[in-house]
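# Remarks on the overall topology
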Amino acid sequence: MGWLTNSMSTSIGKKTIQAVTGILLILFLIVHFAGNYTIWGGEETFTAYVSTLESFGWFTHVIEILLALVFIIHIYVGLKLAWDNNKAKPQKYEVYKSNKLIDFSARYTWQTGVLILIFLIIHLLTFWYEFKFNANGRELYQIVTDWFRNPVYSLFYILMLITVGVHVSHGFKSAIQTFGWNHPKYNSWIEKTSTFLAWLFGLGFSLIPLYFYFTSVGGK
Amino acid sequence: MANNHLHLTLKIWRQESPEAKGYFEEFKEEVSPDASILEMLDDLNNRLEAEGKRPVAFESDCREGICGTCGIVINGHPHGSLPKTATCQLHMRNFNDGETIYLEPFRAAAFPIIKDLIVDRSKFDNIQQAGGYVSFNTGSAPDANSIPISKDIADLALDAAECIGCGACVAACKNSSAMLFVSAKVSQFAVLPQGQPERYERVHEMVMAMDESGFGSCTNTYACEAECPKGISVSNIARMNREFLKAEIKIPKLEVKLR
């Protein structure tokens, strides 16, 4: 394994790890997204989906552990890269401009990443932990809709989901570039897929807290 | 003829030595719009020397935009804001009367400041020496065009070979990454038949030399491409990424080559 560790510790190697884990996380988010959207079918459909996942037993746990591993690697390598990159430019410019209007997502990738990490922890504590260990007979549907009644919580969610969108809008096309796939014929498709994923996650996920907050206000 | 000279305020980075603390010194200059930015500095230095003061240290050689020696960060842009223009080719007509111009050296941990606007770019030489060459057998020179190369491949190689190694990519990058430079040097050989014998060893060695030099890694902001005086494309970076990944998978006995 000597050569693989050596290759992956180079700057391009670390970027490759980021790209591979990033794409895996995007795939996970797509599955997560599809699962979440069963909520539009109402409480029964959503609860049925949740219990289907639960019914896989040990298999679900293995997937959870693998997923956690992918997250941890992505976070660790990302922070390591950010740290090293900051060291590579110790003194900043008095005036610093660019001919390219560099999009926010590319410039602040690690910062949006840290925000998403904070969001991930809160997300797991309020949904996953609450459902697994502190449910008191409540179904996940109940926990979710209860939380989204809270305007502060819902607003926080929406802001964080937009952050996820911003992170992914750079992440996807950046991963493709890291794999070395850059071709004038396909670049515009890669760009469009990146933007599509950003809107899918940013807006798509946000519709859930938006809907449940407003229906709870209206239904009072 | 009416005097159409510009009246400028220059804020120039002064630093006595690599260890010294730097600062901005302000100069008021009256300059012809036909002068280049380096000619303006020549004028300023003549005046400073006449006054017995220390002139501003800066680098230049060909002053034709092809050698890559000059390089100043002008108002936050390496080589100034004019696209595809080296510092020496940037003329004062691109500035406005009364403007304040900041002149700073390229900033990167891998490019330590030697004096004022001069930085040490010898790390680029190290990278080039690590693999940026092709092997030839001795004997008479090979016939020109004896190896057929299609036009699009030749264009790719020549576009990459346009890189003058000035270091503006490192200066523009928020991570001080040298990926654009190294990828251009890898690409110009990797696409040509003449570059095949050392193809994978080259990219491996050059990336290793790049990492050892303390450059950051690429975050794909593409600020380098926007500031490059030769317009080197970031598609070269993608090519280097895939060449490197292929090399790591393919080269036998890689451990032996590792430093």
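Residues numbered from 1 in each chain as written. Chains lettered and ligands numbered in written order. Predicted model: local features only at pLDDT ≥ 70, side-chain atom pairs only at ≥ 80, totals over all residues.

## Overview of the packing of helix H5 (residues 179-190) of chain B against helix H6 (residues 199-212) of chain B
Residues and elements named next belong to chain B. Between H5 and H6, the shortest axis-to-axis distance is 10 Å and the interhelical angle comes to 170°. Judged by the inter-axis angle, H5 sits roughly antiparallel to H6. Between H5 and H6, the contacting residues are Val182, Lys185, Val186, Phe189 and Ala190 on the first element and Arg199, Arg202, Val203, Met206, Val207 and Met210 on the second. Of the residues belonging to the contact of H5 with H6, the class tally is 8 nonpolar, no polar and 3 charged. (Axes fitted to C-alpha atoms, helices over the stretch in contact; angles between N-to-C directions. Helix = DSSP H or I, 4+ residues; strand = E, 2+ residues; numbered from the N terminus. Parallel < 35°, antiparallel > 145°, perpendicular 65-115°, else oblique. Contact = placed C-beta atoms within 7 Å. Nonpolar A, V, L, I, M, F, W, Y, C, P; charged D, E, K, R; others polar.)

## Some points on the environment of Glu212 of chain B
Residue and element names in this part refer to chain B. With respect to the element layout, Glu212 can be found in helix H6. The partly exposed category is assigned to Glu212, around which 14 C-beta atoms lie within 10 Å. Expressed as a C-alpha distance, the spacing of Glu212 and Ala110, which sit 102 residues apart in the sequence, is 9.7 Å. (Buried ≥ 20, exposed ≤ 12 C-beta atoms within 10 Å, placed from the backbone.)

## What about the domain arrangement of chain B?
Residue and element names in this part refer to chain B. By the assigned domains, chain B splits into domain 1 (6-114) and domain 2 (121-134 + 148-257). For domain 1 versus domain 2, the distance between C-alpha centres works out to 29 Å. Contacts between domain 1 and domain 2 engage 18 residues on the former and 18 residues on the latter. Along the lines of polarity and charge, the residues of the side of domain 1 that touches domain 2 split into 10 nonpolar, 6 polar and 2 charged. (Domains from an automatic or database assignment.)

## Regarding the interface of chain B and chain A
In many analyses, interface size is given as the accessible surface area lost on bringing the parts together. If you look at the interface, chain B gives 43 residues, while chain A gives 37 residues. Of the residues contributing to the side of chain B that touches chain A, the split by class is 20 nonpolar, 14 polar and 9 charged.

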